[in-house]
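# Fold and contact review
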Amino acid sequence: MISFPAGARIVVAAKPVDFRRGGESLAALAKEVLKEDPFAGVIVIFRSRRADRVKIIAWDQTGLVMVWKSLAGAAFRWPPIVDGCMRLSAAQGAALFEGLEWRRVYPQDPAMAPSAIR
């Protein structure tokens, strides 16, 4: 189980990438094409063409970390394929990584929190 820190900047590359790429190559792609710098704290998620695999790169202050996951007999839920990227919350990123429907995960409205309801 991978968890993303609350408040983490998570970016999803909307176009599939060549999954033969390694961490350094994906970091360069993120910087050049997506204009996001994984060495500055951004977590970048890449998808495969078949939508059944994901690679995540992040900098942990000591080195570049790459996580690779393949779903057994299923596919990840992805946004439409377009140029560019989209941002996710930490909860949405975790749901996507688990193969769940991340579009149904929304930030909680502070006005509707149990302590605010009387």
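Residues numbered from 1 in each chain as written. Predicted model: local features only at pLDDT ≥ 70, side-chain atom pairs only at ≥ 80, totals over all residues. Heavy atoms only, no water.

This part covers unusual backbone geometry. The phi angle of most residues is negative, glycine excepted, and most peptide bonds adopt the trans form. Although it is not a glycine, Lys 35 sits at a positive phi angle of roughly 60°. Considering the arrangement of structural elements, one finds Lys 35 in the loop between helix H1 (23-32) and strand S2 (43-47). Residue class for Lys 35 comes out exposed when judged on its relative accessible area of 65%. Positive phi outside glycine occurs at Gln 61, with the angle close to 75°. On the accessibility criterion, Gln 61 (67% relative accessible area) is exposed. (Helix = DSSP H or I, 4+ residues; strand = E, 2+ residues; numbered from the N terminus. Buried < 20%, exposed > 50% of the residue type's maximum accessible area, 1.4 Å probe, protein only.)

What follows covers the sheet that holds strand S4 (residues 64-70). Whenever strands of a sheet pair, they do so through backbone hydrogen bonds, lying parallel or antiparallel. The strand order across the open sheet formed by five strands is S4-S3-S2-S1-S5, and the pairing between neighbours is mixed. Either end of the sheet is taken by a strand with one partner, and the two such strands are S4 and strand S5 (85-88). The sheet shows a mean angle of 20° between the axes of neighbouring strands, direction not considered. In terms of strand pairing, strand S1 (residues 10-13) meets S2 through three bridges, oriented parallel. Bridged to Ile 10 within S2 is Ile 43. (Pairing = 2+ DSSP bridges. Axes fitted to C-alpha atoms, helices over the stretch in contact; angles between N-to-C directions.)

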